Amino acid sequence: TYKGHKVSVMGSGMGMPSIGIYSYELFNFYGVDRIIRIGSSGAYDPKCKVYDVVVTKDAYSESSFAKVQNGYQKNRIASTEELTNNILKTAEELSLPVHYGTVHSSDVFYGTDPDLYKRLNKDEGCLCVEMESFALFHNARVSNKSAACILTISDSFITHEETTSEERQTAFENMMTLALETAIKY
């Protein structure tokens, strides 16, 4: 429970195939209406500093997940507007500064193109990179459910600053508080 409200929390694994299975089953077999993903991300934009919180407007991806799942051809999928707006409103109520924008959902963790982040920041407006939201947002869309994503910058492609595994485990409280405070409004 959080402040007397029941809240379900679970790991989704890493990557689109993993969150794709979990979110689809939760939406379609277990009666879940909304999912707020929280996680770490790597900064592509200089305004995103380590420990900053990013609320995802939409996810850009080169992934074939949505195409294979149901023929969706676009490289961008929006979060659910109503849920995301509630997250932004909650951040304002908590006086918690957040970045709001596009994230890159990548299938590849260790890529070899050192300039990819620069191109995706410039051409697609990607603030940061993570590996799950594109599939989550797509499953919400095809299931007529709601999904949003809140991230904490754990490292920077620009400054090469990074957090330790212990810091990622214990210091991302703002993101967690924002998700929980939003969740208990439903």
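A. Quick peek at the overall build of the protein chain. Along the protein chain, the regular secondary structure elements total seven helices and six strands. Mapped in sequence order, the helices and strands of the protein chain form the string α-β-β-α-β-α-β-α-β-α-β-α-α. Here the protein chain has a C-alpha radius of gyration of 16 Å; the compact-globule value for 186 residues is 16 Å, and the two agree. Expressed along its principal axes, the backbone C-alpha trace of the protein chain runs to roughly 45 × 40 × 25 Å.

B. Structural context of the side chain of Ser143. With respect to the helices and strands, the residue Ser143 is situated in helix α5 (residues 133–143). Taking relative accessible area as the criterion, Ser143 reaches 10% and is therefore assigned buried. At a separation of 2.8 Å, a polar atom in the side chain of Ser143 contacts the main-chain carbonyl oxygen of Asn139. Every residue in contact with Ser143, bar those within four places of it in the chain, is listed here: Tyr24, Phe27 and Asn28.

C. Inspection of the nonpolar core at higher detail. Ranked by size, the top nonpolar core spans 25 residues in total, and within it Val54, Cys128, Leu136, Phe137 and Ile153 carry the most contacts. Of all elements in the fold, only α1 (16–29), β1 (34–43), β2 (53–60), α2 (65–70), β5 (126–130), α5 and β6 (146–156) reach the threshold of two or more residues within this core. Aside from chain neighbours lying at most four places away, what touches Val54 is Cys48, His99, Val103, Leu127, Cys128, Cys149, Ile150, Leu151 and Ile153. Ile87, Ala91, Ala148 and Met175 belong to the second largest nonpolar core, which has twelve residues in total.

D. Representation of the packing of aromatic side chains within the structure. The full count for this structure, using the stated rule, is six aromatic pairs. Measuring from centroid to centroid gives 4.7 Å for Phe109 and Tyr110, while their planes differ by 80°, and the two rings are edge-to-face. Ring-pair connections join several aromatic residues into one group, and the members of that group are Tyr44, Tyr117 and Phe157.

E. Representation of the pairing of β6. The buried count for β6 comes to ten of eleven residues, which makes it a mostly enclosed element. Looking at chain direction, β1 and β6 are connected through ten bridges and run parallel. Within the sheet, the bridge partner assigned to Ser40 lies in β6 and is Thr152. Bridging between β2 and β6 involves three bridges; their strand directions are antiparallel. In the sheet register, Val53 faces β6, and the bridge partner there is Thr152.

F. Looking closely at a nonpolar patch on the surface. Nonpolar side chains collect at one region of the surface, where Tyr24, Phe29, Tyr30 and Val142 lie side by side and expose about 430 Å² of accessible area between them. Looking at the element boundaries, Phe29 is found in helix α1. On the accessibility criterion, Phe29 (54% relative accessible area) is exposed.

G. Main features of α5. In terms of burial, α5 is largely enclosed, as nine of its eleven residues are buried. Buried residues of α5: Ser133, Phe134, Ala135, Leu136, Phe137, His138, Asn139, Ala140 and Ser143, and no others. Positioned one or two residues after α5, Asn144 has a phi angle of 55°, which is positive.

H. Here's a closer look at the side chain of Ser146. Along the chain, Ser146 falls in strand β6. Look at Ser146 and you get buried, because its relative accessible area is 14%. Excluding its chain neighbours within four sequence positions, the residues that come into contact with Ser146 are Phe27, Asp33, Arg34, Ile35, Thr80, Leu83 and Ala140.

I. Molecular detail of the packing of α1 against α5. Look at α1 against α5: their axes get within 8 Å of each other, and the N-to-C directions meet at 25°. Judged by the inter-axis angle, α1 sits roughly parallel to α5. Relative to α5, α1 is oriented so that their crossing is right-handed. Touching Met16, Ile19, Gly20, Ser23, Tyr24, Phe27 and Asn28 of α1 are Phe134, Ala135, Leu136, Asn139, Ala140, Val142 and Ser143, all from α5. Taken together, the residues of the contact of α1 with α5 sort by class into nine nonpolar, five polar and no charged.

Criteria and thresholds
- Residues numbered from 1 in each chain as written.
- Predicted model: local features only at pLDDT ≥ 70, side-chain atom pairs only at ≥ 80, totals over all residues.
- Heavy atoms only, no water.
- Helix = DSSP H or I, 4+ residues; strand = E, 2+ residues; numbered from the N terminus.
- Rg over C-alpha atoms; globule rule 2.2 N^0.38 Å.
- Buried < 20%, exposed > 50% of the residue type's maximum accessible area, 1.4 Å probe, protein only.
- Polar contact = N/O pair within 3.5 Å; in protein donor to acceptor, adjacent residues only side chain to side chain.
- Contact = heavy atoms within 4.5 Å.
- Core = buried A, V, L, I, M, F, W, Y, C linked by side-chain atoms within 4.5 Å.
- Phe/Tyr/Trp six-rings, centres within 6.5 Å; stacked < 30°, edge-to-face > 60°.
- Pairing = 2+ DSSP bridges.
- Patch = residues over 30% accessible without salt bridge, like charges linked within 9 Å, V, L, I, M, F, W, Y side chains within 5 Å.
- Areas by Shrake-Rupley, 256 points an atom, 1.4 Å probe, with all protein chains shown as cover.
- Salt bridge = Lys/Arg side-chain N within 4 Å of Asp/Glu carboxyl O.
- Axes fitted to C-alpha atoms, helices over the stretch in contact; angles between N-to-C directions.
- Parallel < 35°, antiparallel > 145°, perpendicular 65-115°, else oblique.
- Left-handed = near helix turned anticlockwise from the far one by under 90°.
- Nonpolar A, V, L, I, M, F, W, Y, C, P; charged D, E, K, R; others polar.

Nothing here speaks to function; it is geometry throughout.
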